[in-house]
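Topology and contacts: notes
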Amino acid sequence: AIKSLAFKPAPQLGFADDEGMQADLTPVADFYQVSKNFVNPTVDVSTWKLQIGGLVDTPKSYTYKDILALPGAAEQYGTLECISNEVGGDLISNGLWKGVRLADLLKAAGVKPAAKRLVLSADDGYTDSFPMDKALQPTVLLAYQLDGQALAPDHGFPLRLIVPGIFGMKNVKWITKIEPSDNAGFLGYWEERGWSNVATVKTM
């Protein structure tokens, strides 16, 4: 056991910059991605829409151009990690995300007081959810850029959620529908298969 610990190579999680230091950002080509799909969807942006419904006063619908034209675009650094990542594993990456604040869109729709959880649906049939108080935090983004580039198809083009503090499975890719719900116990795709519905990122 001592030998295996002493000679185990250190995991290479960083990416060296031009001066040999670890870079702040994971290159997009190396950014981890996990999916339930054998083949990820290729979304036709000309017909794609984001629908906001459920327990809201005024349902909303946005095209990709609408999203890009919204005022108050935000940029923030964030680490994304898979819930199945092992300590020292490589299913974790750092990115600079740009998008619109989810809270702004929810406020525009008017969330009803009975809403307890935000239910999310994606183009590939994926579903997930998290509590409304989390959804209204200003750091939760509907992101359309990663590291200064439009999202790649495997990373959720045209739009994905970035939710600091919870594991990647709840940072839904290829998002098409957002619905405040009174179902406090809603279980999404992975939660129905036994994974945590809280999914708080743990220190590693």
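In this report, we go over the structure that sits alongside the text.

Thresholds, definitions, all that
Residues numbered from 1 in each chain as written. Predicted model: local features only at pLDDT ≥ 70, side-chain atom pairs only at ≥ 80, totals over all residues. Heavy atoms only, no water. Salt bridge = Lys/Arg side-chain N within 4 Å of Asp/Glu carboxyl O. Buried < 20%, exposed > 50% of the residue type's maximum accessible area, 1.4 Å probe, protein only. Helix = DSSP H or I, 4+ residues; strand = E, 2+ residues; numbered from the N terminus. Lys, Arg positive; Asp, Glu negative; His and termini not counted. Polar contact = N/O pair within 3.5 Å; in protein donor to acceptor, adjacent residues only side chain to side chain. Contact = heavy atoms within 4.5 Å. Pairing = 2+ DSSP bridges. Axes fitted to C-alpha atoms, helices over the stretch in contact; angles between N-to-C directions.

Moving on, we get to the pattern of salt bridges. Enumeration over the complete set of coordinates arrives at 3 salt bridges. For Glu-192, the salt bridge goes to Arg-193, with nearest N and O atoms at 3.9 Å. Take Glu-192: its relative accessible area is 58%, and that puts it in the exposed class. When its relative accessible area of 47% is taken as the criterion, Arg-193 is described as partly exposed. One connected set of salt bridges, linked through shared partners, spans Asp-128, Lys-170 and Glu-191.

When you line up the elements, Asp-124 lands in the loop between strand 5 (117-122) and strand 6 (127-131). Despite its burial, Asp-124 pairs with no opposite charge, the nearest such side chain being Lys-36 at 4.1 Å. At 2.8 Å, the side chain of Asp-124 forms a polar contact with the side chain of Asn-37. Ignoring sequence-local partners within four residues, the contact set of Asp-124 consists of Lys-36, Asn-37, Pro-41 and Trp-174.

What the 5 strands build is an open sheet, ordered 2-1-10-5-6; its pairing is mixed. Both outer strands of the open sheet, strand 2 (60-62) and strand 6, are each paired with one neighbouring strand and no more. On average, each strand axis in the sheet is inclined to that of its neighbour by 15°, with strand direction left out of account. In terms of strand pairing, strand 1 (residues 50-52) meets strand 10 (residues 175-181) through 2 bridges, oriented parallel. Within strand 10, the residue paired with Gln-51 across the bridge is Lys-177. The sheet strands contacting helix 3 (residues 102-109) are strand 1, strand 2, strand 5, strand 6 and strand 10, and the helix crosses strand 2 at an angle near 135°.

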